[in-house]
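Chain residues, written in single-letter form:
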Amino acid sequence: MFRRFLEKLHNFRLLPVFVIVSMAIGIAIGKWYGISNFELTPPIDAIKSIFHGTYEFSIGNTLALGVVVGLFMMMYPAMANIRFEDLGKAAKSPKQILIVIFFNYAIAPFFMLLLAKIFLSGEPDLYTGLVLYGLAPCIAMVIVFTYLSAGNGPLAIILVALNSIIQMILIPVYAKLLLGEIQFDVWVVGESVLLYLGIPLVAGMLTRFLGVRRYGEEWFHRLKFYLDTMSIIGLLFTLVVMFALKGDLILEKPFFIVQMAIPMTLFFWTMFVIVYLTGWKLGLNYRDAVAVAFNSTGRDFEIAIAIAITAFNPTVALATVIGPLIEVPVMLALVWFAKKTEFKLFRGRE
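The sections below set out a description of the structure shown in this document. Values in this document were obtained by computation on a predicted structure and should not be read as measured data. (Residues numbered from 1 in each chain as written. Predicted model: local features only at pLDDT ≥ 70, side-chain atom pairs only at ≥ 80, totals over all residues. Heavy atoms only, no water.)

Counting secondary structure elements, the chain contains 16 helices and zero strands. Counting across all 350 residues of the chain, residues that qualify as buried make up 56%. Once local pairs closer than 6 in sequence are excluded, the contacts in the chain between residues at least 24 apart make up 83%. When the accessible surface of the chain is totalled, it reaches about 16,000 Å², and 68% of it is carbon and sulfur. (Helix = DSSP H or I, 4+ residues; strand = E, 2+ residues; numbered from the N terminus. Buried < 20%, exposed > 50% of the residue type's maximum accessible area, 1.4 Å probe, protein only. Contact = heavy atoms within 4.5 Å. Areas by Shrake-Rupley, 256 points an atom, 1.4 Å probe, with all protein chains shown as cover.)

What follows deals with the packing of aromatic side chains. Summed over the entire model, instances satisfying the criterion amount to 16 aromatic pairs. Their ring planes at 80° and their centres at 5.2 Å tell us that phenylalanine 102 and phenylalanine 103 sit as a pair that is edge-to-face. Owing to a relative accessible area of 43%, phenylalanine 102 belongs among the partly exposed residues under this scheme. The interplanar angle of 90° and the centroid separation of 5.2 Å between the aromatic rings of phenylalanine 225 and tyrosine 226 together place this pair among those described as edge-to-face. With relative accessibility at 45%, the residue tyrosine 226 sits in the partly exposed group. (Phe/Tyr/Trp six-rings, centres within 6.5 Å; stacked < 30°, edge-to-face > 60°.)

Turning to the pattern of salt bridges, a few remarks are in order. Close approach of charged atoms allows side chains with opposite charge to pair. This model, assessed by the stated rule, comprises two salt bridges. Between arginine 208 and glutamate 217 there is a salt bridge whose closest N-O contact spans 3.2 Å. Residue class for arginine 208 comes out buried when judged on its relative accessible area of 9%. Residue glutamate 217 is classed as partly exposed on the basis of its relative accessible area of 36%. Across the pair aspartate 228 and lysine 224 runs a salt bridge whose closest N-O atoms are separated by 3.0 Å. With aspartate 228 and lysine 224 both in helix α11 (residues 217–245), this residue pair falls four residues apart, about one helical turn. (Salt bridge = Lys/Arg side-chain N within 4 Å of Asp/Glu carboxyl O.)

A separate point is the environment of alanine 116. Looking at the secondary structure, you find alanine 116 in helix α6 (residues 94–120). Between the C-alpha atoms of alanine 116 and valine 131, which are 15 residues apart in sequence, the distance is 6.6 Å. Those residues in contact with alanine 116, other than ones at most four positions away along the chain, are Ser121, Tyr127, Leu130 and Val131.

Between helix α8 (residues 141–148) and helix α9 (residues 153–179), whose axes approach to 9 Å, the crossing angle comes to 165°. Considering the angle they form, α8 stands roughly antiparallel to α9. Where α8 crosses over α9, the two elements pack in a sense that is right-handed. Contacts between α8 and α9 pair Val142, Ile143 and Thr146 from the former with Gly153, Ala156, Ile157 and Val160 from the latter. Here the residues of the contact of α8 with α9 sort into five nonpolar, two polar and no charged. (Axes fitted to C-alpha atoms, helices over the stretch in contact; angles between N-to-C directions. Parallel < 35°, antiparallel > 145°, perpendicular 65-115°, else oblique. Left-handed = near helix turned anticlockwise from the far one by under 90°. Nonpolar A, V, L, I, M, F, W, Y, C, P; charged D, E, K, R; others polar.)

With that settled, the discussion passes to a nonpolar patch on the surface. Side chains of Leu114, Ile118, Phe119, Phe255, Val258, Ile262 and Leu266 sit close together on the surface and give an oily, nonpolar patch of about 650 Å² of accessible area. Taken together, the elements giving at least two residues each to the nonpolar patch come down to α6 and α13 (254–281). A per-element tally of the nonpolar patch places α13 first, with four residues. (Patch = residues over 30% accessible without salt bridge, like charges linked within 9 Å, V, L, I, M, F, W, Y side chains within 5 Å.)

Okay, unusual backbone geometry next. Residues other than glycine seldom take positive phi values, yet alanine 150 does so here, at roughly 60°. With respect to the helices and strands, alanine 150 occurs in the loop between α8 and α9. Accessibility expressed as a relative area gives 43% for alanine 150, which makes it partly exposed.

Side chains of nonpolar character tend, in soluble globular proteins, to be buried together. Within the largest apolar cluster, 110 residues are counted, with the highest numbers of intra-cluster contacts made by Ile143, Phe145, Met260, Tyr276 and Phe294. The dominant element in this core, judged by the number of residues it contributes, is helix α16 (residues 314–346), at 16 residues. The residues contacting methionine 260, other than those within four sequence positions of it, are Leu120, Leu126, Leu130, Ala319, Ile322 and Ile326. (Core = buried A, V, L, I, M, F, W, Y, C linked by side-chain atoms within 4.5 Å.)

The subject of this paragraph is α13. For an α-helix, the turn length of 3.6 residues means that residues three or four places apart are oriented alike. End to end, α13 covers 40 Å across 28 residues, agreeing with the expected 40 Å (1.5 Å per residue, within 8%). Once α13 ends, the next one or two residues include glycine 283, with phi positive near 90°. (Expected span 1.5 Å × (residues − 1).)

Below, the structure written as structure tokens:
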């Protein structure tokens, strides 16, 4: 019976149902415990407090660790499923890399700024939160969305690693250019890269290398079912945690969510479709086009939240926390869109 339930999780047609149920559970938990009344702890700070022996069990700290656990459960299977010998091939993809660099750093931050001016010019805190959200490309979850849409995983990892390095240099520049003089610790970016990308990458690499070496490829093929299950459960668990963070606010101030949802949804759909079609027009195959599109679309909400908490008031931080509540369901819709259009657009391309 349990195996049958796990198989249902793998049914992509049922995934939207599980996503909606997870969001509802999160909202109910947030409402029941009034979680928005508690101070939000940045996940990296919660991890540091454990190593320093100063960790205290609280709702804020527990939810912060929940985000870390959920993202690891999502990322680790995607990393373990990659043949790391393919990373060398993916690195030799100049066209794909140039597309991602162009859209991530010449288009995305300024497009989000334009949307903020159009939709939120009368709401300075929401405006700032939206612009912050557009500053940096995602360094974690885009790998999962690429994985769910059967895209090029090794290429996604190369692109994420490249974005991780570039954004450490450019985030302060873009923050000053788009928002003026703000102060935040740039090393937060490096810590996020290590936490959300480095640890799952090493764990996945060791699992595949040691497991295949000791038990063979057939063993890993059987393990893949459970790894895929872990990734989906991690996604649903992350949704529960994220919606719990602001569940009571969603019920009390739904218009606040709508104000952020409209420009963000426009951003994600517009960016993805344009980059996806650009890849198609430039002759990329489906797997590469999907990897490029997701890497040019996803935003680094961990960094946005960290900067907002460090340099701005609680309302700006709240605006950045709302971001992933909108981004994750929209990106799942884009996974569906990509899979639906694969055969029509990319038939015959390898």
